[in-house]
Amino acid sequence: MNPLQQLEAQGQSPWYDSISRDMLSSGELARLVAEEGLKGVTSNPAIFEKAITKGAAYDAPLRAALAEGVTDPKALFERLAVPDIRDAADVLKPVFEASQGADGYVSLEVSPDLAHDSAGTAAEAKRLFAAVGRPNVMIKIPATRAGLPAIEEAVAAGIPVNVTLIFSLERYMGVMNAYLAGLERRVKAGETLAPNASVASFFVSRIDTAVDALLPRDTPLRGRVAVANAKTAYRLFRQVFDGDRFKALAAKGARVQRPLWASTGTKDPAYSDVLYVDELIGPDTVNTIPPATWNAFKDHGKVRRTVDEGAEDARRTLDELRRRGVDLTAVTDKLEEEGVKSFAAAFDTLLKHLSEKAARILAAPAGGTAARVWGRDASLWKADAPAQDFIRGFLGWLDLPSSMTSRVAEVRAFADEVRGAGFEHVVVLGMGGSSLACEVFRTARPAEAGRPRLHVLDSTDPGSVAACEAAAPPEKTLYVVSSKSGTTVEPLRLMDYFLAKAGGDGSRFCAVTDPGTPFEAFAREKGFRKVFTNPADVGGRFSALSLFGLVPAALAGWDVGALLARAAALADATREDSDANPGLSLGKALAREAKAGRDKLVVLAAPELESFGLWLEQLVAESVGKEGKGVVPVAGAPARDAAAYAADSVFVLVSHAGQVGQPEALAGALEGAGRTVLRFELDAPEALGAEFFRWEFATAVLGAELGVNPFDQPDVQAAKDMTKAALAELKAAGSLSAPAPAAGDDAWSVAFSAAAAEAGRGAANNEEALARFLAQAAPGNYAAVLAYLASDGRHADALQSLRRTVAETTGLSVQGGYGPRYLHSTGQLHKGGPNTGLFLVLAREGGADLDIPGAGLTFGQLCRAQALGDFRALDAAGRRAAYVVLKGDPGAALLRLAAAAAAAARTPARA
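No experiment lies behind these values; they were computed from the predicted model shown. (Residues numbered from 1 in each chain as written. Predicted model: local features only at pLDDT ≥ 70, side-chain atom pairs only at ≥ 80, totals over all residues. Heavy atoms only, no water.)

Caption draft 1: Summary view of the overall build of the protein chain. Within the protein chain, the regular secondary structure consists of 36 helices and 25 strands. Relative to the globule expectation of 29 Å for 911 residues, the C-alpha radius of gyration of the protein chain, 32 Å, shows essentially globular dimensions. With the principal axes as the frame, the protein chain shows a C-alpha extent of 105 × 60 × 55 Å. Looking at the protein chain residue by residue over its 911 residues, the buried ones come to 60%. Sequence separation of 24 or more characterises 78% of the internal contacts of the protein chain that already satisfy a separation of 6 or more. Side-chain charges in the protein chain split into 99 positive and 110 negative, and the spacing between the mean points of these groups amounts to 1 Å. (Helix = DSSP H or I, 4+ residues; strand = E, 2+ residues; numbered from the N terminus. Rg over C-alpha atoms; globule rule 2.2 N^0.38 Å. Buried < 20%, exposed > 50% of the residue type's maximum accessible area, 1.4 Å probe, protein only. Contact = heavy atoms within 4.5 Å. Lys, Arg positive; Asp, Glu negative; His and termini not counted. Charge placed at Lys NZ, Arg CZ, Asp CG, Glu CD.)

Caption draft 2: The arrangement of the sheet that holds strand β11 (residues 477–483) in detail. Spatially, 5 strands are ordered β10-β9-β11-β12-β13 in an open sheet, and the strand pairing comes out parallel. Two strands lie at the open edges of the sheet, namely β10 (453–457) and β13 (530–533), each paired on one side alone. On average, adjacent strands in this sheet sit at an angle of 20° to one another, irrespective of strand direction. Set on the sheet, helix α20 (residues 408–420) makes contact with β11, β12 (509–513) and β13; between it and β13 the angle comes to about 155°. In the packing of helix α21 (residues 436–443) onto the sheet, the strands contacted are β9 (425–429) and β10, and the crossing angle to β10 comes to about 145°. (Pairing = 2+ DSSP bridges. Axes fitted to C-alpha atoms, helices over the stretch in contact; angles between N-to-C directions.)

Caption draft 3: Local environment of unusual backbone geometry. The omega torsion of the bond from G819 to P820 falls at 5°, within 30 degrees of zero and hence cis. Topologically, P820 is positioned in the loop between β21 (813–818) and α34 (827–832). Located in the positive-phi region is Q100, a residue other than glycine, with phi close to 55°. Mapped onto the fold, Q100 is located in the loop between α6 (73–98) and β3 (105–109).

Caption draft 4: Spotlight on the packing of aromatic side chains. Taken as a whole and judged by the stated rule, the model has 40 aromatic pairs. On the numbers, 5.1 Å between centres and 90° between planes, the contact of Y16 with W294 is edge-to-face. Highlighted residues: Y16 in strand β1 (residues 12–16) and W294 in helix α14 (residues 291–300), separated in sequence by 278 residues. Take Y16: its relative accessible area is 7%, and that puts it in the buried class. Relative to F532, the ring of F414 lies with its centre 5.4 Å away and its plane at 75°, an arrangement referred to as edge-to-face. You can see F414 sitting in helix α20 and its partner F532 sitting in strand β13, a full 118 residues away along the chain. Taken as a pair, F414 and F532 share a single burial class, namely buried. (Phe/Tyr/Trp six-rings, centres within 6.5 Å; stacked < 30°, edge-to-face > 60°.)

Caption draft 5: Representation of the pairing of β3. A large share of β3 lies buried, amounting to 5 of its 5 residues. As paired elements, strand β2 (residues 40–41) and β3 share 2 bridges and run parallel to each other. When the bridges of β3 are listed, V41 appears paired with V106. Here β3 pairs with strand β4 (residues 137–142) via 4 bridges, running parallel. Bridge assignment links S107 to a residue of β4, and that residue is M138. Chirality of the crossover, the property in question, places the unit of β3, helix α7 (residues 118–132) and β4 among those that are right-handed. (Right-handed = clockwise from strand over helix to strand, strands pointing away.)

Caption draft 6: Up close: helix α10 (residues 205–212). Buried within α10 are the following residues: S205, I207, D208, V211 and D212. In an axial view of α10, the angular spread of the buried residues amounts to 155°, which keeps them on one side of the axis. (Arc of directions from axis to C-beta.)

Caption draft 7: Main features of the side chain of D399. For D399, the location among the structural elements is in the loop between α18 (385–392) and α19 (400–403). Excluding residues that lie within four positions of it along the chain, D399 makes contacts with D22, S25, R376 and M404.

Caption draft 8: Region of the structure containing the pattern of salt bridges. Taken as a whole and assessed by the stated rule, the structure comprises 73 salt bridges. A salt bridge links R896 to D746; the nearest nitrogen and oxygen atoms lie 3.7 Å apart. One end of the pair, R896, is in helix α36 (residues 890–904); the other, D746, is in the loop between β18 (743–744) and β19 (748–752), and 150 residues separate them in sequence. Each of the salt bridges in this network shares a partner with another, and the network as a whole consists of E28, R31, E35, E36, K298, R407, E410, E520, R524 and K530. (Salt bridge = Lys/Arg side-chain N within 4 Å of Asp/Glu carboxyl O.)

Caption draft 9: The nonpolar core, seen in detail. Ranked by size, the top nonpolar core spans 121 residues in total, and within it F48, F77 and F241 carry the most contacts. Setting aside its immediate chain neighbours within four residues, F48 contacts I19, S43, T53, F77, A81, D84, I85, L108 and L350. The next biggest cluster of nonpolar side chains, apart from the first, holds 89 residues, and it includes I391, V418, A554 and A605. (Core = buried A, V, L, I, M, F, W, Y, C linked by side-chain atoms within 4.5 Å.)

Caption draft 10: Structural detail: the environment of Y788. Along the chain, Y788 turns up in strand β20 (residues 782–788). Taking the C-alpha atoms as reference, Y788 lies 7.1 Å from R844; in sequence the two are 56 residues apart.

Caption draft 11: Main features of α36. In this model, α36 (15 residues) spans 21 Å end to end at C-alpha, consistent with the 21 Å of a helix rising 1.5 Å per residue. Regarding α36, the residues found buried are P890, G891, A893, L894, L897, A898, A900, A901 and A904. Structurally, α36 contributes buried residues whose contacts are with β19, α32 (766–774), α33 (796–810), β22 (837–844) and β25 (880–886). Residue D889 occupies the N-cap position of α36, its side-chain oxygen lying 3.2 Å from the main-chain nitrogen of G891. (Expected span 1.5 Å × (residues − 1). Polar contact = N/O pair within 3.5 Å; in protein donor to acceptor, adjacent residues only side chain to side chain.)

Caption draft 12: A look at the state of the cysteines. Evaluated as defined, the whole model comprises 0 disulfides. Sulfur of C438: no disulfide; nearest cysteine sulfur belongs to C510 and is 11 Å away. Here C438 falls in the buried class, since its relative accessible area comes to 1%. Between C468, a free cysteine, and C438, which holds the nearest cysteine sulfur, the sulfur-to-sulfur gap is 13 Å. (Disulfide = S-S within 2.5 Å.)

Here's what the structure looks like:
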């Protein structure tokens with residue numbers, strides 16, 4: 001248990017002094033409740049001003065309110081804030097119920113301009129409580145003199161009250177008396193007292209800031225008065241609520257009004273950053289903690305009962321302050337006055353900025369693509385309501401450059417912990433969106449000395465698994481198991497294997513998954529070193545800047561804060577509908593090229609950046625390759641002469657600034673031949689953060705231009721279903737029934753899908769059958785070499801030779817992919833995009849194998865079932881596919897296959 005969770009044993013509830021729509025939509029609030037012991041949330045005008053006016057999270061509901069004719073700033077504020085309070089209350093409802101109404105509250109403040117209006121405050125409290133419509137909302141009422149009657153009235157009406165802006169002991173006594181008077185009125189009226197709850201927010205750090213300014217710098221009183229004042233307040237609390245007046249009410253079900261320590265962020269850097277939490281721990285208390293202090297206390301807070309420790313020292317401190325001529329009553333009176341003015345000023349600033357934002361929205365041209373993306377206008381992509389509801393649930397990627405900053409400290413701390421624990425390797429077990437960004441972080445810069453070496457395993461081929469085990473010995477390795485759904489077959493089976501190798505030691509494992517998945521529960525049960533829950537509203541291929549990418553990056557030594565900062569700067573540049581918008585202009589350019597028949601996107605990159613092409617390949621292919629439409633990305637293809645590339649291609653060059661090499665030379669030659677080359681230069685490795693966001697935004701725009709939903713993957717499931725069927729067949733019959741080969745020899749055999757069956761009819765041998773298959777190529781087509789082979793590089797040259805030969809034979813752009821990785825990448829395009837592909841599915845026969853613990857299955861059997869399943873899915877989708885079985889040594893078989901493809905260019909195909 002972390003220190004925040006340990007507070008409960010001391011009778012203290014940690015509440016969080018912040019709220020925003022990002023926290024709600026990303027699942028961050030739910031995570032804090034589940035993982036870190038959060039028991040409640042407080043808000044104030046300053047918090048809402050920052051949340052509402054910075055960024056675009058509130059643009060969609062603001063537009064909706066304006067469309068309904070709501071223009072008054074206060075009314076607009078409520079339209080935005082009340083749903084947040086309501087949603088947060090729903091997240092906290094389990095806490096509310098488990099604590100029988102003691103905790104689980106969200107606070108909403110009455111308008112600060114009512115601070116000196118008793119009747120107005122009471123009426124506002126009743127109205128707001130009814131507007132939110134949740135029992136676990138607390139209405140914040142300031143502890144001004146005029147506020148005291150309003151507190152009594154609200155309590156008498158059965159409204160949970162958070163009394164705020166308490167500085168002085170005298171005013172605190174008045175607050176407690178108002179609470180008791182309200183309860184007594186309920187008793188007199190015959191009303192129940194349970195589950196009425198209230199807290200009294202006693203402000204702490206501001207007192208030290210004010211008093212320290214009045215003291216000499218060398219006095220030992222500095223930094224001690226606020227805690228002494230608060231401890232004295234706690235003594236008063238005990239006297240009042242242990243007294244006879246409250247005992248009579250307690251017998252009828254009344255709760256104590258707990259002191260809530262507020263303003264607990266340390267202002268003076270000379271003091272401990274957890275001073276106002278460490279020193280005020282004790283029974284029947286709440287501490288509402290700002291985010292930075294929350295993270296600091298979670299990291300190094302000390303939990304023990306301190307609130308009534310040193311009570312005499314507290315009294316002596318206050319006496320010494322008086323002797324030094326500092327009038328604490330005058331200080332607290334001034335702080336109350338300033339506090340009311342400060343909250344009112346923050347509220348006025350909020351309303352001003354909200355009015356300005358509303359004016360900008362009203363003045364903006366209707367229907368701008370960028371504005372609609374940021375406004376979460378799902379109708380940009382689809383017209384039907386179910387599709388729009390789905391899309392709105394996957395737009396959290398827009399907020400990651402800002403929302404993930406709250407997780408940076410946690411991620412860095414974990415990376416330091418892993419390094420300190422002596423791990424020499426980190427292996428990411430994931431697929432698709434959970435692995436491809438990690439591959440970028442693995443290769444895009446040299447490994448950092450002193451950090452674990454990063455590896456990525458996204459293959460079920462037994463050779464790949466064994467190679468990873470050899471490169472990263474289990475006893476020296478931390479395994480990061482990544483699965484958004486928590487049910488992805490490949491990483492879970494790989495986890496089973498390595499968990500057995502680790503002797504079941506969960507401390508060598510880390511999980512990254514969505515909140516509430518079966519895998520999250522499993523990881524906690526097994527005692528994983530760390531369980532990260534990612535925002536649920538982020539799809540896998542849009543997750544590079546989420547925890548799925550940031551955790552492995554930090555473990556490898558990347559500055560994740562710098563990555564997010566670069567992404568945030570790019571994100572800010574995508575908000576306006578103009579040619580200067582880098583994501584909008586790119587997306588529209590890709591759409592124009594595709595509509596003009598240039599729908600092959602060939603990525604050129606230096607070797608260390610080729611992995612970015614693989615990430616980009618998944619993003620584009622899986623996002624827009626559906627409904628018979630799409631753009632075909634081609635990454636890692638062997639370089640050719642500029643004149644050899646098909647006319648239906650456009651090119652992307654990703655390079656480091658000032659880099660001069662083969663990709664740059666090829667790009668120049670292509671431009672010289674009049675071809676379109678889109679250039680993107682990185683001035684530092686961290687600039688990849690900006691490129692991730694640029695391409696995500698551009699892909700969303702491209703989807704809108706093509707009329708497809710870029711956030712679903714409707715055809716991916718087909719291969720999964722076919723794989724399950726093949727495994728069931730294996731279990732029942734003891735073997736897989738591969739398609740009957742049209743032709744074959746001792747090196748390889750080939751069978752064809754129904755759409756390509758003509759290639760095998762009457763073929764004299766497998767070479768002729770392959771030639772006839774490749775002869776089906778037509779202008780506008782593309783090919784793909786899909787290899788269910790070891791992905792550790794041992795077959796890379798042979799596969800590149802095959803790709804080059806197929807390209808030269810057919811004149812087509814040729815994708816390459818290792819299975820089953822590509823199933824989570826380009827597989828959606830292959831089955832749902834335009835029916836223009838020629839697919840060579842390569843599976844090996846025999847070879848060394850590895851058991852999957854507890855599965856009754858080997859990795860070789862799973863890999864072959866996936867190859868066969870995808871071939872069957874391609875067949876069912878009416879695609880032209882060849883199923884090639886490599887016999888014996890796969891490397892030698894690949895060379896024979898490449899030679900056959902080369903011969904195909906010289907062999908006339910039979911009709």
